[in-house]
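Per-entry structural report
Given next are the chains, with one letter for each unit.
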Amino acid sequence: MPTPGPEEVLVRVTAAGIDRGTVHVMTGRPLVARLGLGLRRPRYPVPGRDLAGTVEALGPGVEGWSVGDRVVGTADGSCAELAVVPVRRLARAPRQLADDEAAALPVSGLTALQAVRAGRGGPGHRVLVVGASGGVGGYAVQLAVAAGARVTGVCSAAKADLVRSLGADHVITHETEDVDAEGGTYDAVLDIGGHRRLRTLRRVLAPRGALVVVGSETGGRWLGGLQRSMAAAALSPFVRQRLVMLVARERAEDLAELVALVDAGRVRPSVERVFPLAETAAAVEHVATGRARGKVVVRVAEPPSSAGEAGVAATASR
């Protein structure tokens, strides 16, 4: 039985989200990731980071939370029946979502929220989202639209319908067109997949626009694509455009903002598939292929009640 420490809670996990970070932890690739994830073996032996569930116990000094509260957050190992979560990485679960959907929100949603902020996409701005059909990209499209931007998404032809359903005004299918297919320039480019050259992305960026490099997977043994983000950060001081290497942070206040947008009907997780806990390895493998349409979730346990009933009960208890 895990024991929560100061400013931590113990969560009985209902569902856990799987993202690319889980793949990196499990494989130890790229090798540079081992500096933070463990040199010879995973620092966190239980896979998964996103979770949704209910508070089981409170650690010393925890205030504002009660046993039985429905929550979402991030843990160092969420594919387990019980997980310890610091309150600085915890928020109340969206009232309108079942736990399977809520578990898909934290890591990818936070990354997208901070990418849209860094790009400063606002009303009337043109925003290009490269990799718009993935976990982070799907949220980025919705968040940019919610901010009032006109969004163009880049994805495969097979996923174009998904990206349009998320609110994109235009879709570029990368099999037949490149990012300059729509003509003109963008106020912000959110680069989440594809590993295009910086010069290619900068060509479609306004003179004072922002290129936010979230990352892309190259399979490289040592850096796996990180070198491009580092190059953008190094070049930025010498050009008029802002080139941002995004390092996302897991913060309770940002997670609460995401939940508020979900409850307002402006953002919703796009979950492609839910795996049972016994098939966690298959879930990780599916994400590793890069073919997922949206988010992949592992159902750890059946929720005690429906999302709506749980939401009402949680609201009443507060």
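Residues numbered from 1 in each chain as written. Predicted model: local features only at pLDDT ≥ 70, side-chain atom pairs only at ≥ 80, totals over all residues. Heavy atoms only, no water.

Further remarks concern the overall build of the chain. The secondary structure content of the chain amounts to 11 helices and 13 strands. Taking 2.2 N^0.38 as the reference for a compact globule, 318 residues should give roughly 20 Å; the C-alpha atoms of the chain span a radius of gyration of 19 Å, in line with that estimate. Looking at the chain residue by residue over its 318 residues, the buried ones come to 53%. Look at the contacts in the chain between residues 6 or more apart in sequence, and 67% of them connect residues 24 or more apart. As displayed, the chain offers around 14,300 Å² of accessible surface, 53% of which is attributable to carbon and sulfur atoms. Averaging the locations of the 39 positively and 32 negatively charged side chains of the chain gives two centres separated by 8 Å. (Helix = DSSP H or I, 4+ residues; strand = E, 2+ residues; numbered from the N terminus. Rg over C-alpha atoms; globule rule 2.2 N^0.38 Å. Buried < 20%, exposed > 50% of the residue type's maximum accessible area, 1.4 Å probe, protein only. Contact = heavy atoms within 4.5 Å. Areas by Shrake-Rupley, 256 points an atom, 1.4 Å probe, with all protein chains shown as cover. Lys, Arg positive; Asp, Glu negative; His and termini not counted. Charge placed at Lys NZ, Arg CZ, Asp CG, Glu CD.)

Spanning 12 residues, helix H9 (residues 252-263) covers 16 Å between terminal C-alpha atoms, matching the ideal 16 Å at 1.5 Å per step. All of the buried residues along H9 are Ala252, Asp254, Leu255, Leu258, Val259, Leu261 and Val262. Close packing links the buried residues of H9 with strand S3 (70-74), strand S5 (90-92), helix H4 (106-119) and helix H5 (135-146). Following H9 by one or two positions, glycine 265 adopts a phi angle in the positive range, close to 80°. (Expected span 1.5 Å × (residues − 1).)

Moving on to the nonpolar core. Note on soluble globular proteins: their nonpolar side chains tend to be buried together. Among the nonpolar cores identified, the biggest contains 47 residues, and Val72, Val127, Val129, Leu143 and Val151 are the most heavily contacted of them. At the level of elements, H4, strand S6 (126-130), H5, strand S7 (150-155), helix H6 (160-165), strand S9 (186-191) and H9 are the ones that each hand at least two residues to this core. When near neighbours in sequence (up to four residues on either side) are disregarded, valine 127 contacts Gly121, Ala144, Ala149, Arg150, Val151, Thr152, Tyr186, Ala188 and Leu190. (Core = buried A, V, L, I, M, F, W, Y, C linked by side-chain atoms within 4.5 Å.)

Positive phi is not limited to glycine here, since glutamate 7 has a value of about 60°. Following the sequence through the fold, glutamate 7 ends up in the segment before strand S1 (8-18). Under the relative-accessibility criterion, glutamate 7 is labelled partly exposed at 41%. Positive phi is not limited to glycine here, since arginine 120 has a value of about 55°.

Here we take up the packing of H4 against H5. Running from N to C, H4 and H5 cross one another at 50°; their axes reach a closest spacing of 8 Å. By the criterion of interaxial angle, the relationship of H4 to H5 is oblique. The handedness of the crossing between H4 and H5 comes out as right-handed. On the side of H4, the interface is formed by Ser108, Gly109, Thr111, Ala112, Leu113 and Val116, while H5 contributes Gly135, Val136, Tyr139, Ala140, Leu143 and Ala144. (Axes fitted to C-alpha atoms, helices over the stretch in contact; angles between N-to-C directions. Parallel < 35°, antiparallel > 145°, perpendicular 65-115°, else oblique. Left-handed = near helix turned anticlockwise from the far one by under 90°.)

So, about the sheet that holds S6. With parallel pairing, the six strands of this open sheet are ordered in space as S8-S7-S6-S9-S10-S11. The strands lining the two open edges of the sheet, one partner per strand, are strand S8 (170-173) and strand S11 (242-245). Neighbour-to-neighbour, the strand axes of the sheet open up by a mean angle of 15°, direction not taken into account. Contacts from H4 reach S9, strand S10 (205-213) and S11 within the one sheet, and its direction differs from that of S10 by about 160°. This element, H5, spans S6, S7 and S9 of the sheet and lies at about 170° to S6. (Pairing = 2+ DSSP bridges.)

On to the pattern of salt bridges. Note that side chains of opposite charge can pair when their charged atoms are close. This model, assessed by the stated rule, comprises 18 salt bridges. Across the salt bridge formed by arginine 12 and glutamate 56, the nearest N and O atoms sit 3.2 Å from each other. Taken together, the residues span a long stretch of sequence, with arginine 12 in strand S1 and glutamate 56 in strand S2 (residues 50-58) at a distance of 44 residues. Given the relative accessible area of 36%, arginine 12 is considered partly exposed. A salt bridge links arginine 196 to aspartate 178; the nearest nitrogen and oxygen atoms lie 3.1 Å apart. One end of the pair, arginine 196, is in the loop between S9 and helix H7 (198-203); the other, aspartate 178, is in the loop between S8 and S9, and 18 residues separate them in sequence. (Salt bridge = Lys/Arg side-chain N within 4 Å of Asp/Glu carboxyl O.)

For the rest of this paragraph, the subject is helix H10 (residues 280-289). Residues of H10 that are buried include every one of Thr280, Ala283, Val284, His286 and Val287, and no others. For H10, the buried positions fall inside an angular range of 160° around the axis, keeping them on one side. Relative to its buried face, H10 has exposed residues pointing more than 90 degrees away, namely Ala281 and Glu285. Following H10 by one or two positions, glycine 290 adopts a phi angle in the positive range, close to 80°. (Arc of directions from axis to C-beta.)

Turning our attention to the pairing of S3. On a regular strand, one side chain projects to one face of the sheet and the next to the other, so that they alternate. Counting buried residues in S3 gives five out of five residues, a clear majority hidden from the surface. Where S3 lies against S5, three bridges are found, and the strand directions are antiparallel. In the sheet register, valine 71 faces S5, and the bridge partner there is arginine 92.

Another point: the environment of arginine 197. With respect to the helices and strands, the residue arginine 197 is situated in the loop between S9 and H7. Assessed through its relative accessible area of 57%, arginine 197 is described here as exposed. Measuring from C-alpha to C-alpha, the distance between arginine 197 and arginine 228 comes to 8.0 Å, with 31 residues separating the pair along the chain.

Our focus in this paragraph is the packing of helix H1 (residues 20-27) against H10. Orientation of H1 relative to H10, taken along the N-to-C sense of each, is 110°, at an axis distance of 9 Å. Classed by the angle they form, the pair H1 and H10 counts as roughly perpendicular. Of the residues in H10, those touching H1 at Arg20, Thr22, Val23 and Met26 are Val284, Val287 and Ala288. Among the residues forming the contact of H1 with H10, the class breakdown is five nonpolar, one polar and one charged. (Nonpolar A, V, L, I, M, F, W, Y, C, P; charged D, E, K, R; others polar.)

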